[in-house]
Amino acid sequence: DGGITQSPKYLFRKEGQNVTLSCEQNLNHDAMYWYRQDPGQGLRLIYYSQIVNDFQKGDIAEGYSVSREKKESFPLTVTSAQKNPTAFYLCASSITSGTYNEQFFGPGTRLTVL
Amino acid sequence: AQKVTQAQTEISVVEKEDVTLDCVYETRDTTYYLFWYKQPPSGELVFLIRRNSFDEQNEISGRYSWNFQKSTSSFNFTITASQVVDSAVYFCALSEEDAGNMLTFGGGTRLMVKP
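Chemist: Give a detailed account of the packing of aromatic side chains, specifying residues and quantitative values.
Modeler: What the rule picks out here adds up to 20 aromatic pairs over all chains. Taken together, Tyr33(A), Tyr35(A), Phe105(A), Phe35(B), Tyr37(B), Phe47(B), Phe91(B) and Phe105(B) form an aromatic cluster joined through their ring pairs.

Chemist: Can you tell me about the layout of surface pockets, naming the residues and giving the values?
Modeler: Here the largest pocket defines a volume of roughly 490 Å³. Lining the largest pocket we find 25 residues, and of these Gln37(A), Gly40(A), Gln39(B), Val89(B) and Arg110(B) sit closest to its centre. Of all the elements in the fold, those that place two or more residues in the lining of the largest pocket are strand 9 (87–94) of chain A together with strand 10 (88–96) and strand 12 (109–114) of chain B. For the lining of the largest pocket, the leading source of residues is strand 12 of chain B, giving four residues. Of the residues contributing to the lining of the largest pocket, the split by class is 10 nonpolar, 11 polar and four charged.

Chemist: Mind laying out the pattern of salt bridges, listing which residues take part and the relevant values?
Modeler: Residue and element names in this part refer to chain B. Counted by the stated rule, this structure contains seven salt bridges over all chains. Note that Arg51 is salt-bridged to Asp55, the shortest N-O span being 3.5 Å. We note a salt bridge from Arg51 to Glu59, for which the minimum N-O separation is 3.0 Å. On the basis of relative accessibility, which here comes to 9%, the residue Arg51 falls in the buried class.

Chemist: Can you tell me about the pairing of strand 8 (residues 64–69) of chain B, naming the residues and giving the values?
Modeler: Residue and element names in this part refer to chain B. By the bridge criterion, three bridges tie strand 7 (residues 59–61) to strand 8 in an arrangement that is antiparallel. Paired with Ser61 across the two strands is Tyr64, which belongs to strand 8. Here strand 8 runs beside strand 9 (residues 74–79); their pairing, made up of six bridges, is antiparallel. Paired with Phe68 across the bridge in strand 9 is Phe75. Hairpin connection between strand 8 and strand 9: a loop of four residues separates the two successive antiparallel strands, and Ser73 in this loop has a positive phi of roughly 50°.

Chemist: Just give me the short version of unusual backbone geometry, but keep the residues and values in it.
Modeler: Here the residue pair Ser7(A) and Pro8(A) is connected by a cis peptide bond, since its omega of -10° sits within 30 degrees of zero. Its place among the elements puts Pro8(A) in the loop between strand 1 (4–7) and strand 2 (10–13). Even without being glycine, Lys16(B) reaches a positive phi, approximately 85°. Residue position: Lys16(B) is located in the loop between strand 2 (10–14) and strand 3 (19–21). Its identity is not glycine, yet Ala81(B) carries a phi of approximately 50°, on the positive side. Locating Ala81(B) in the fold gives a position in the loop between strand 9 and strand 10. On the basis of relative accessible area, Ala81(B) is assigned to the partly exposed category, the value being 31%.

Parameters and conventions
- Residues numbered from 1 in each chain as written.
- Chains lettered and ligands numbered in written order.
- Predicted model: local features only at pLDDT ≥ 70, side-chain atom pairs only at ≥ 80, totals over all residues.
- Heavy atoms only, no water.
- Phe/Tyr/Trp six-rings, centres within 6.5 Å; stacked < 30°, edge-to-face > 60°.
- 1 Å grid on protein atoms, 1.4 Å probe; cavity = no way out; pocket = protein on both sides within 12 Å on 5 of 7 lines; lining within 4 Å.
- Points joined across faces, edges and corners; volume = space filled by probe spheres on them.
- Helix = DSSP H or I, 4+ residues; strand = E, 2+ residues; numbered from the N terminus.
- Nonpolar A, V, L, I, M, F, W, Y, C, P; charged D, E, K, R; others polar.
- Salt bridge = Lys/Arg side-chain N within 4 Å of Asp/Glu carboxyl O.
- Buried < 20%, exposed > 50% of the residue type's maximum accessible area, 1.4 Å probe, protein only.
- Pairing = 2+ DSSP bridges.

What follows is the structure, encoded as structure tokens:
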């Protein structure tokens, strides 16, 4: 089955700790994205990558970091610098970064800071 | 700057009623794309439709239909004969040609269909 997997589904973190969210896709898509969703709000772009070994900041990149060493994988690290990390995180991918390409989303990871 | 507004934060209907979800957008680009996504309780966003700025033809897919009007910068979504399984949060999103494939999402409309 082709798709996007995110793990874990639920994640708890203590304040001051870094945590890494996994995102893997087997759709052979070039572009990948990370979004943050807060309760009752829309999605906001954190980082995106149009090709392996390249990525750009989105609207709310502060306190986050990413890597794109493989086409299939785009992990997101939430660092201790992120002031309010509790949120629902969604990973997405698209064939290319063209405007016309719909993005396919993973099931999400719900991060809670204790 | 681009902006997407979904003024209806929550809508509640009874099964079999028709319901329209509103979406109004702002953009200075002449080439852009509009999307609708569905987010069921499981959390994963499901792609529903894509429309480019040069195609104002309305589209129907089963019980779903979309009305794109450039004159009013609107891209409304209608569900006919709603069902309980339609209960979800629906997002409208905009992508401009100059912004690559970056999506700007509206705040979403939570639709509750009661039996």
